[in-house]
Protein chains: 2
Amino acid sequence: MQAEIIVIGDEILIGQTLDTNSQLIATELNKRGIQVHQKRVIADERKPILEALEQVHPDTHLVFLTGGLGPTRDDITKQTLTEFFGGTLAHHPEVEAQVRALFAGFKRTPTEANLQQAYVPSSCTVLPNKRGTAPGMRFKKDGRYYFSTPGVPYETEYLVKEEIMPWIDQLPGARGLFHKTFLTQGYPESILARKLEDWENQLPASVTLAYLPSPGQVRLRLSGHSHSTEAAQQLVHAQEEKLRKLLGPIIFGTDDDTLPEVVGRLLVEHSATLSTAESCTGGYLAHQITSVPGSSRYFQGSIISYSNAIKQGHLQVSAADLATYGAVSQPVVEQMARAARQNMGTDYALASSGVAGPGGGSAQKPVGYTWLALAGPEGVSSVVFHFGQHRQRNILRSSLMALDMLRRHLEGYPLPQSSA
Amino acid sequence: MQAEIIVIGDEILIGQTLDTNSQLIATELNKRGIQVHQKRVIADERKPILEALEQVHPDTHLVFLTGGLGPTRDDITKQTLTEFFGGTLAHHPEVEAQVRALFAGFKRTPTEANLQQAYVPSSCTVLPNKRGTAPGMRFKKDGRYYFSTPGVPYETEYLVKEEIMPWIDQLPGARGLFHKTFLTQGYPESILARKLEDWENQLPASVTLAYLPSPGQVRLRLSGHSHSTEAAQQLVHAQEEKLRKLLGPIIFGTDDDTLPEVVGRLLVEHSATLSTAESCTGGYLAHQITSVPGSSRYFQGSIISYSNAIKQGHLQVSAADLATYGAVSQPVVEQMARAARQNMGTDYALASSGVAGPGGGSAQKPVGYTWLALAGPEGVSSVVFHFGQHRQRNILRSSLMALDMLRRHLEGYPLPQSSA
């Protein structure tokens, strides 16, 4: 089966809003081996919507429209869909009841604009939207299915995952694609490519490898192509062991894993607790850890010491060391980690001290220069890194690398190599 | 002038990578009054690339291609561009020198794959890429300009902002569009729409309003359309005062402002310092504050007290109050704010305690139930909110609302209304 995505919205065309809906839809389709062969982003007007619907490729089975619905939209989308699929805009009592129930939950009264959402094309099947007022819609025309969801990502997520995909799963369709993604931490694409060169060259034509870099991490996606999902899966699994042998501790997880989740699982397995003492990461390390549901099982807290006074007062960092070595130094970051572990009574503590930028750099300690420390029952270790010039990326890369120090330690691997 | 964007990359079609490049390009074009009338996302293969290039709309002046270049790509894009624009793939000594210089900076040696980047179509003008190995390219064909940048957002950002846009700014072109976006905090789209209904109905046809919601915030984009940018700007400015009168303190900034930046500027104006004591926000509030360059001028630090032991030991929260009222309660959040302010010696402190979810909710304190407090020289105030069911959104909305409490206080407005 093949699919197309049509994103409706001026706000995306002018760049004011990032299009995350089509990513969500594509990911879900891809899991099912359904190929998305084109995405289009068009304006919120009758003519481009009709054009896009008319220009759908003859081989497309499923068309996803997202955007152009909502309480302050002027209903161009719904009118245009009625024009294309036939019928009239008709009142739908169940949708009105659902809108009223949603507002009752918020202790608010729906406005006229909210209640207008209950008018939908008579040619559609309504997909109930539990997260908002604009319902999803399913149409059928010339043997092809069309799905329409509102532009709000939280609502589209619900409709796609809870309504549309379970319905698609019941369609008879072709399969034969399988992906597995291996998540790596701390090495750039070009170094990984060199490590993998010989293995990559011997891959059969039915298995492809893609490098998907993001700051500090590269995802390696192995795709198998065969007559069935099961056969495609076997092709990928046959390569997995070789890949793992080549990369060892560089791989921290697969598919939808995140480094904070992997670290969280390891802490639970070890019945161990964690705290942090953060300077340059400014709370982002704690945020990464606490973004995992249930992290209160192992995470106790953090001292964010953005000033030297807090480093001295709350983390017992020596004033003499701050004066002699500076805040971004090995003695200071190790004292921070040791104090966090002791003060908060945890098994492990992670600490960061670096020059996040854009200001504060010097010849000896340029922007990106970062010390990270891990304190544990066995003592304190620290590593220095040279990240880059970009503040947000330095914060992100420092946080991920600190988590990776703990991940490697808990898995029995050596700490990451210094890049300074 | 009109533009089209062609995004090349299987990783975006299958949903594994979010397309941020086209947002960046569209935003930059839009600032210049250049309309993007279509975006396409296509596979990293010869045929779809050629098709997309051949199907460019006759009215399009500028075409942006992004993706399909990089050290591990098999150069299909560069070969296909050579086929379309003519010429041959030729070695470019300056690009090789730039790749070598980039690696020397990292104290690494370029691989063969890296050096391959120096081969570019002879029909293009090379755009030097200071952030990576794949150069940008500019082509001209049939009076239309084409720009090609690598898929890595950090590199495309550099090429678009530093190379391509300054060049476009020198082209003679049509203008006559002006946007101004007003940023609001704490009210949903439907409530804002009701407040603005009468004003919206009297807007002239040359001024349009768009609602752009994100969790906790709605951006209101006013667009003026006229014969020149200046005339369009005047149309928008004529409406600004009326809009501000209707929304008052709900508007916290305009255009690219962020709430942490606005709060940071206010703290600098008031020569005041800030600390935080975080439970449910888990470091995200401190991260928002410290994501602003120069935030060390006013931000001292934070105590993240994820456990009750840390609340008692580091924030002097009363054990009796924890037992009587629970961690998510007014007495506890106010004690947290007061202690943070005193312990870290700051003028202001913000504190959070809520049920982020998905676990931990009860009938009386469901997921989303959140207390926020502000301590200052005048004492401590607190407000309770009911956010929603979604952990990450609760963390985000709590952090933004806490910042908005301080923003309103520093601007002399009353605190936000409780939603509980």
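Residues numbered from 1 in each chain as written. Chains lettered and ligands numbered in written order. Predicted model: local features only at pLDDT ≥ 70, side-chain atom pairs only at ≥ 80, totals over all residues. Heavy atoms only, no water.

Visitor: Help me out: how do you make sense of the relation of the copies chain B and chain A in this one?
Guide: Copies of the same chain, two in number, are related to each other by a rotation about an axis and a translation along it. Once chain B is rotated about the relating axis by 180 degrees and shifted along it by 0.0 Å, it coincides with chain A to within an RMSD of 0.1 Å. Taken together, the turn and the small shift mark the pair as related by a two-fold rotation axis. In this assembly, 100% of the residues forming the interface of chain B have copies in chain A that are likewise at the interface, indicating an isologous arrangement. (Least-squares fit on C-alpha atoms with pLDDT ≥ 70 in both. Contact = heavy atoms within 4.5 Å.)

Visitor: How should the interface of chain B and chain A be read in this particular structure?
Guide: Interfaces are often described in size by the accessible area the parts lose on coming together. In this complex, chain B contributes 77 residues to the contact, which on the side of chain A involves 77 residues. Buried surface at the junction of chain B and chain A, summed over both partners, amounts to about 6400 Å²; 55% is from carbon and sulfur atoms. Counting across the chain B and chain A interface gives 0 salt bridges. Summed over the shared surface of chain B and chain A, the number is 33 residue pairs in polar contact (both at pLDDT 80 or more). (Buried area = accessible area lost by both parts, 1.4 Å probe. Salt bridge = Lys/Arg side-chain N within 4 Å of Asp/Glu carboxyl O. Polar contact = N/O pair within 3.5 Å; in protein donor to acceptor, adjacent residues only side chain to side chain.)

Visitor: For this particular structure, what's the right way to read helix 10 (residues 259–269) of chain B?
Guide: Helical geometry: 3.6 residues make up each α-helical turn, so side chains three or four residues apart lie on a common side. Turning to helix 10 of chain B, its buried residues are Leu259(B), Pro260(B), Val262(B), Val263(B), Gly264(B), Leu266(B) and Leu267(B). Backbone geometry just after helix 10 of chain B places Ser271(B) at a positive phi near 45 degrees. (Buried < 20%, exposed > 50% of the residue type's maximum accessible area, 1.4 Å probe, protein only. Helix = DSSP H or I, 4+ residues; strand = E, 2+ residues; numbered from the N terminus.)

Visitor: Explain the side chain of Ser279(B) to me, please; I cannot follow it from the model alone.
Guide: Residue and element names in this part refer to chain B. Within the secondary structure, Ser279 is located in the loop between strand 13 (274–278) and helix 11 (284–290). Ser279 sits in the buried class, given a relative accessible area of 8%. A distance of 3.5 Å separates the side chain of Ser279 from the backbone oxygen of Ser305, its partner in a polar contact. With residues up to four places along the chain from it excluded, the contact list for Ser279 reads Ser305, Tyr306, Lys311, Met336, Ser352 and Ser353.

Visitor: Is there a simple way to think about the domain arrangement of chain A in this case?
Guide: Residues and elements named next belong to chain A. Splitting chain A by domain gives domain 1 (2–168), domain 2 (177–254) and domain 3 (259–410). The centre of domain 2, based on its C-alpha atoms, is set 31 Å off from the matching centre of domain 3. Each side of the interface is counted separately: domain 2 has 10 residues, and domain 3 has 10 residues. Interface area for domain 2 against domain 3, summed over the two sides, is near 840 Å², with a carbon-plus-sulfur share of 60%. Contact with domain 3 buries surface across domain 2, with Gln185, Pro215 and Phe252 losing the most and accounting together for 63% of the total. Counting across the interface, domain 2 meets domain 3 through 0 salt bridges. Taken together, the residues that form the side of domain 2 that touches domain 3 break down as 6 nonpolar, 4 polar and no charged. (Domains from an automatic or database assignment. Nonpolar A, V, L, I, M, F, W, Y, C, P; charged D, E, K, R; others polar.)

Visitor: Can you help me understand the environment of Gln98(B) in this one?
Guide: Residue and element names in this part refer to chain B. Its place among the elements puts Gln98 in helix 5 (residues 93–106). Placed 31 residues apart in sequence, Gln98 and Asn129 show a C-alpha to C-alpha distance of 8.2 Å. Those residues in contact with Gln98 that sit more than four places away from it in its chain are Asn129, Lys130 and Gly132.

Visitor: Quick question: what am I supposed to make of the packing of helix 12 (residues 308–315) of chain A against helix 14 (residues 330–343) of chain A here?
Guide: Between two packed helices, both the angle of their axes relative to each other and the distance between the axes serve to describe the pair. All names here are of chain A. Packing of helix 12 against helix 14 brings their axes to within 10 Å, and their N-to-C directions diverge by 45 degrees. As summarised for this structure, helix 12 and helix 14 are arranged oblique, according to the angle between their axes. Regarding helix 12 and helix 14, the two cross each other, and that crossing is left-handed. The segment helix 12 lies against helix 14, with Lys311, His314 and Leu315 engaging Val332, Gln335, Met336, Ala339, Ala340 and Asn343. (Axes fitted to C-alpha atoms, helices over the stretch in contact; angles between N-to-C directions. Parallel < 35°, antiparallel > 145°, perpendicular 65-115°, else oblique. Left-handed = near helix turned anticlockwise from the far one by under 90°.)

Visitor: Any chance you could explain the packing of helix 10 (residues 259–269) of chain A against helix 15 (residues 391–410) of chain A here in plain terms?
Guide: All names here are of chain A. Two elements in contact, helix 10 and helix 15, have axes separated by 10 Å at closest approach and are oriented at 35 degrees. Crossing hand, helix 10 versus helix 15: left-handed. Of the residues in helix 15, those in contact with Leu259, Pro260, Val262, Val263, Leu266 and Leu267 of helix 10 are Leu400, Leu403, Asp404, Leu406, Arg407 and Leu410. Residues that form the contact of helix 10 with helix 15 fall into these classes: 10 nonpolar, no polar and 2 charged.

Visitor: So what exactly am I meant to see when it comes to the environment of Gly368(A) here?
Guide: All names here are of chain A. Of note, Gly368 is situated in the loop between strand 15 (348–354) and strand 16 (369–376). For Gly368, a relative accessible area of 0% puts it in the buried group. Distance from Gly368 to Met336, taken between C-alpha atoms, is 19 Å for residues 32 residues apart in sequence. Ignoring sequence-local partners within four residues, the contact set of Gly368 consists of Val355, Phe385, His386, Phe387, Gly388 and Asn394.

Visitor: Looking at this model, I keep getting lost on the pairing of strand 15 (residues 348–354) of chain B. Mind explaining?
Guide: The two faces of a sheet get side chains in turn, since along a regular strand they alternate between them. All names here are of chain B. The buried fraction of strand 15 is high, at 7 of 7 residues. Alternating residues of strand 15 divide into Tyr348, Leu350, Ser352 and Gly354 and Ala349, Ala351 and Ser353, and every residue in both groups is buried. In the sheet, strand 13 pairs with strand 15 via 5 bridges, with the strands oriented parallel. Directly across from Ala277, in strand 15, lies its bridge partner Ala351. (Pairing = 2+ DSSP bridges.)

Visitor: Sorry, what's going on with the sheet that holds strand 2 (residues 35–42) of chain A here?
Guide: Pairing between the strands of a sheet is mediated by backbone hydrogen bonds and can be parallel or antiparallel. The sheet built from 12 strands is open, its strands ordered 6(A)-7(A)-8(A)-3(A)-1(A)-2(A)-2(B)-1(B)-3(B)-8(B)-7(B)-6(B) with mixed pairing. One side of each edge strand has no neighbouring strand; the edge strands of this open sheet are strand 6 (125–127) of chain A together with strand 6 (125–127) of chain B. Neighbour-to-neighbour, the strand axes of the sheet open up by a mean angle of 20 degrees, direction not taken into account. Examined bridge by bridge, strand 1 (residues 2–8) of chain A and strand 3 (residues 62–66) of chain A share 5 bridges and lie parallel to one another. Looking at the pairing, Ile6(A) lines up with Leu65(A) of strand 3 of chain A. Relative to the sheet, helix 3 (residues 46–54) of chain A contacts strand 1, strand 2, strand 3 and strand 8 (144–149) of chain A, its axis offset from that of strand 2 of chain A by approximately 165 degrees.

Visitor: For this particular structure, what's the right way to read the pattern of salt bridges?
Guide: Here the structure, examined in full by the defined rule, presents 20 salt bridges over all chains. Between Arg244(A) and Glu240(A) there is a salt bridge, with its nearest N and O atoms 2.9 Å apart. In this pair, Arg244(A) and Glu240(A) both sit in helix 9 (residues 229–247), 4 residues apart, roughly one turn of the helix. Take Arg244(A): its relative accessible area is 35%, and that puts it in the partly exposed class. Linking Arg46(B) and Glu83(B) is a salt bridge whose minimum nitrogen-to-oxygen distance equals 2.6 Å. Taken as a pair, Arg46(B) in helix 3 (residues 46–54) and Glu83(B) in helix 4 (residues 76–85) lie far apart in primary sequence, 37 residues in all. Taking the relative accessible area as the measure of exposure, Glu83(B) reaches 43% and is therefore partly exposed. Taken together, the shared-partner salt bridges in this structure form one network comprising Asp404(A), Arg407(A), Arg408(A) and Glu411(A).

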